[in-house]
Amino acid sequence: MNYIGIDPSLISTGLVVNGKIFNYCRESDATNKSGLSKWFKLCEQYATFRYISYREYKDYSDGELTKLKDYDKITDGIINDIELNINKSEPTKIAIEGYNFGASVGDLIDLVTFSTLLRKKLYDYISKDILVLSPSTLKQE
């Protein structure tokens, strides 16, 4: 059986596929002048880093569409990594963290957009066996 765990985030999505760890983060957050920054350097031997980027935009409408396209590209990359690391002939179970309603309103709306795209692609392309866990449940575990 395939097991997938996802902690969706706009700046640092964590993904584990059958024990293989991925992190989708901005290169500017992961690196400094001498290479990988402290925490990323410590994880380097255990995780595969995928650098993501968000484009600049001029106005509100342009920004909303640009963000949607950027989220679509990032979630495509996540789905691709999953597909390359599962055995498609076996069932797949997915656990994903739900929304943190304590986030500021703008951040929450963007995270909901990103996570909804990701969940839809997981459901359509990977598995319908998806468990959404509340952030507080995960912290208690």
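Residues numbered from 1 in each chain as written. Predicted model: local features only at pLDDT ≥ 70, side-chain atom pairs only at ≥ 80, totals over all residues. Heavy atoms only, no water.

Draft legend 1. Just the packing of aromatic side chains, in detail. According to the stated counting rule, one finds 4 aromatic pairs in the structure shown. Aromatic pair Tyr 54 and Tyr 71: ring centres 5.9 Å apart, planes at 85°, arrangement edge-to-face. Linking Tyr 54 in the loop between strand S6 (47-52) and helix H3 (60-84) with Tyr 71 in helix H3, this pair joins segments that are 17 residues apart in sequence. Overall, the relative accessible area of 27% leaves Tyr 54 in the partly exposed class. Aromatic pair Tyr 71 and Phe 114: ring centres 5.8 Å apart, planes at 85°, arrangement edge-to-face. With Tyr 71 in helix H3 and Phe 114 in helix H4 (residues 105-126), this pair connects stretches of sequence that are 43 residues apart. This pair shows no difference in class: Tyr 71 is buried, exactly as Phe 114 is. Following the ring pairs from residue to residue traces out a cluster consisting of Tyr 54, Tyr 71 and Phe 114. Directly above the aromatic system of Tyr 99 lies the positively charged group of Arg 119, at a separation of 4.4 Å from the ring centroid. (Phe/Tyr/Trp six-rings, centres within 6.5 Å; stacked < 30°, edge-to-face > 60°. Helix = DSSP H or I, 4+ residues; strand = E, 2+ residues; numbered from the N terminus. Buried < 20%, exposed > 50% of the residue type's maximum accessible area, 1.4 Å probe, protein only. Lys NZ or Arg CZ within 6 Å of the ring centre and 35° of its normal.)

Draft legend 2. Here's a closer look at the pattern of salt bridges. Taken as a whole and judged by the stated rule, the model has 10 salt bridges. Here Arg 26 ties to Asp 29 by a salt bridge, and the two come within 2.7 Å at their closest N and O atoms. Arg 26 sits in the partly exposed class, given a relative accessible area of 29%. (Salt bridge = Lys/Arg side-chain N within 4 Å of Asp/Glu carboxyl O.)

Draft legend 3. Unusual backbone geometry, seen in detail. Backbone geometry places Asn 18, a non-glycine residue, at a positive phi of 50°. Looking at where Asn 18 falls in the secondary structure, it is placed in the loop between strand S2 (12-17) and strand S3 (20-26).

Draft legend 4. How the structure looks around the packing of H3 against H4. Taken N-terminus to C-terminus, the directions of H3 and H4 make an angle of 35°; their axes are 9 Å apart at the nearest point. Pair H3 / H4 crosses with right-handed handedness. Seen from H3, the contacting residues are Lys 67, Leu 68, Tyr 71, Asp 72, Ile 74, Thr 75, Asp 76, Ile 78, Ile 79, Ile 82 and Glu 83; seen from H4, they are Asp 110, Thr 113, Phe 114, Leu 117, Leu 118, Lys 121, Leu 122, Tyr 125 and Ile 126. Partitioning the contact of H3 with H4 into residue classes produces 12 nonpolar, 2 polar and 6 charged. (Axes fitted to C-alpha atoms, helices over the stretch in contact; angles between N-to-C directions. Left-handed = near helix turned anticlockwise from the far one by under 90°. Contact = heavy atoms within 4.5 Å. Nonpolar A, V, L, I, M, F, W, Y, C, P; charged D, E, K, R; others polar.)

Draft legend 5. Examining the nonpolar core more closely. Judged by nonpolar contacts, the single largest core of 21 residues is most densely connected at Ile 4, Ile 6, Leu 15, Ile 78, Ile 82, Leu 122 and Ile 126. If you list the elements that add at least two residues to this core, you get strand S1 (2-7), S2, S3, H3, strand S7 (92-97) and H4. With sequence-adjacent residues up to four places away left out, Leu 122 is seen in contact with Ile 6, Ile 79, Ile 82, Ile 94, Ile 96, Ser 127 and Ile 130. Membership of the second largest hydrophobic core comes to 6 residues, among which are Cys 25, Ala 30, Phe 40 and Ala 47. (Core = buried A, V, L, I, M, F, W, Y, C linked by side-chain atoms within 4.5 Å.)

Draft legend 6. Spatial organisation of H3. Between its first and last C-alpha atoms H3 spans 36 Å; for 25 residues at 1.5 Å apiece the expected length is 36 Å, and the two agree. Buried within H3 are the following residues: Gly 63, Thr 66, Lys 67, Asp 70, Tyr 71, Ile 74, Thr 75, Ile 78, Ile 79, Asp 81 and Ile 82. Here the buried face of H3 lies against S1, S2, S3, S6 and H4. (Expected span 1.5 Å × (residues − 1).)

Draft legend 7. Spatial organisation of the side chain of Thr 66. Along the chain, Thr 66 turns up in helix H3. Judged by its relative accessible area of 9%, Thr 66 is buried. When near neighbours in sequence (up to four residues on either side) are disregarded, Thr 66 contacts Arg 55, Glu 56 and Tyr 57.

Without other data, these values stay purely geometric and don't point to any function.
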